[in-house]
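Chain and residue survey
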Amino acid sequence: MTISVEEFIYSDEWCGGIAKGKRLKACIPGGSSVPILPANLLLKTAKGEQRMMNYESLADGGFQTGTMMGSGGFIVFDEDQCIVKHTYTLARFYRHESCGQCSPCREGTGWMEKLLLRLDKGQGKMSDIDLLWDIQSKIEGNTICPLGDAAAWPVAAAIRHFRDEFEWHITNAAEAQVRNFGLAHYADAREVVPA
Ligand code: SF4
């Protein structure tokens, strides 16, 4: 496709914008296993170029500031969505899908699910974030089939881009049970895209 990600999300010809006029928080553009991107990196690359709806542009920046087009399963998160809960949901799915043949996937997906549930329920510790990072890094590239990578990448990207939201869930545990973190500094990228 030769259109921009911004046009794809907001034009009436394609997705017609975000429901109820909510603001854009993040997006997983290529199916649940590919890295999530915050709004500011979704609509523009780290080099400040408009992000396009094609394999090359979405991958620009590698996993540090880019993502993948993958299967094209485009998932948009508005300002009300919780990244911690979402990451837990994905971890739960991949733990369920693991066939158990290789230990990094069999054990690691279960450990990630438990840690993310703890964080989501406001019972996490700061060290859990680094532990999650460590577990995902030991799954990636160390399994027989790609499901291991598919389970690791969403966790890595969520921590890479939304670490402060994870920390907020720990330091504001009670509050996190009744409201979401919101946008914080992940400003709706449309507001900073020059005309
Ligand atoms: S990586 Fe693939 S083969 Fe290994 S346990 Fe997971 S699902 Fe099974």
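On to helix α8 (residues 147-171). Residue Phe162 marks the point of greatest curvature in α8, where the axis turns by about 90 degrees. Taking burial as the measure, the 25 residues of α8 include 20 buried ones, the bulk of the element.

Okay, the pairing of strand β1 (residues 24-28) next. Successive residues of a regular strand alternate their side chains across the two faces of the sheet. Here β1 lies mainly inside the structure; 5 of its 5 residues are buried. Of the pairings in the sheet, the one linking β1 to strand β3 (residues 75-78) comprises 4 bridges and is antiparallel in character. Its bridge partner being in β3, Ile28 is matched across the sheet by Ile75.

Another point: the sheet that holds strand β2 (residues 37-38). The 3 strands are arranged β2-β1-β3 in an open sheet whose pairing can be described as antiparallel. The sheet is open, and its two borders are formed by β2 and β3, each paired with just one other strand.

What follows is about the site of the ligand. Around the ligand, the neighbouring residues are Ser98, Cys99, Gly100, Gln101, Cys102, Cys105, Thr143, Ile144, Cys145, Leu147 and Gly148. For the shell around the ligand, a count of residues per class yields 6 nonpolar, 5 polar and no charged.

Further remarks concern the packing of aromatic side chains. A full pass over the atoms with the stated rule returns 5 aromatic pairs. Ring centres of Phe63 and Trp153 lie 5.0 Å apart, and the angle between their planes is 80 degrees; on these two criteria the pair is classed as edge-to-face. Of this pair, Phe63 sits in helix α4 (residues 62-65) while Trp153 sits in helix α8, and the two are 90 residues apart along the sequence. Taken together, a centroid distance of 4.9 Å and an interplanar angle of 70 degrees make the contact between Phe93 and Tyr94 edge-to-face. On the basis of relative accessible area, Phe93 is assigned to the partly exposed category, the value being 41%. Put simply, the rings of Phe8, Trp14 and Phe74 touch in pairs and so form one group of aromatic residues.

Glancing now at the layout of surface pockets. By volume, the largest pocket is sized at about 170 Å³. If you trace the largest pocket, you find 13 residues lining it, with Cys82, Lys85, His86, Asp120 and Asn180 closest to the centre. Broken down by element, the lining of the largest pocket gets its largest block of residues, 3 residues, from helix α5 (residues 83-97). In terms of residue class, the lining of the largest pocket is built from 3 nonpolar, 6 polar and 4 charged.

Attention shifts here to the domain arrangement of the protein chain. Accessible area lost when the parts come together is the quantity often used to give the size of an interface. We note that the domain assignment places domain 1 (5-80 + 184-192) and domain 2 (83-177) within the protein chain. With centres defined by C-alpha atoms, the gap from domain 1 to domain 2 works out at 22 Å. The interface is formed by 17 residues belonging to domain 1 together with 15 residues belonging to domain 2. Taken over both partners, the interface formed by domain 1 and domain 2 buries close to 1,400 Å², and the fraction arising from carbon and sulfur atoms is 64%. Applying the counting rule to domain 1 against domain 2 returns 1 salt bridge. As a salt-bridge pair, Lys25 and Glu165 come within 2.9 Å of each other at their nearest N and O atoms. At the junction of domain 1 with domain 2, the criterion picks out 4 residue pairs in polar contact (both at pLDDT 80 or more). Broken down by secondary-structure element, the contributors of at least two residues to the side of domain 1 that touches domain 2 are β1, β2 and α4.

Positive phi, close to 60 degrees, is recorded for Lys20, a residue that is not glycine. Mapped onto the elements, Lys20 comes out in the loop between α1 (5-10) and β1. Residue class for Lys20 comes out exposed when judged on its relative accessible area of 80%.

Once that is clear, we can look at the environment of Met52. One can find Met52 in the loop between α2 (39-42) and α3 (55-59). When the C-alpha atoms of Met52 and Asp80 are compared, they prove to be 25 Å apart, with 28 residues separating the residues in sequence. Among all residues touching Met52, those that are not within four sequence positions of it are Thr2, Ile3, Ser4, Val5, Ser57 and Leu58.

Thresholds applied
Residues numbered from 1 in each chain as written. Predicted model: local features only at pLDDT ≥ 70, side-chain atom pairs only at ≥ 80, totals over all residues. Heavy atoms only, no water. Bend = angle between axes of the 7 residues up to and from the residue. Helix = DSSP H or I, 4+ residues; strand = E, 2+ residues; numbered from the N terminus. Buried < 20%, exposed > 50% of the residue type's maximum accessible area, 1.4 Å probe, protein only. Pairing = 2+ DSSP bridges. Near = heavy atom within 4 Å. Nonpolar A, V, L, I, M, F, W, Y, C, P; charged D, E, K, R; others polar. Phe/Tyr/Trp six-rings, centres within 6.5 Å; stacked < 30°, edge-to-face > 60°. 1 Å grid on protein atoms, 1.4 Å probe; cavity = no way out; pocket = protein on both sides within 12 Å on 5 of 7 lines; lining within 4 Å. Points joined across faces, edges and corners; volume = space filled by probe spheres on them. Domains from an automatic or database assignment. Contact = heavy atoms within 4.5 Å. Buried area = accessible area lost by both parts, 1.4 Å probe. Salt bridge = Lys/Arg side-chain N within 4 Å of Asp/Glu carboxyl O. Polar contact = N/O pair within 3.5 Å; in protein donor to acceptor, adjacent residues only side chain to side chain.

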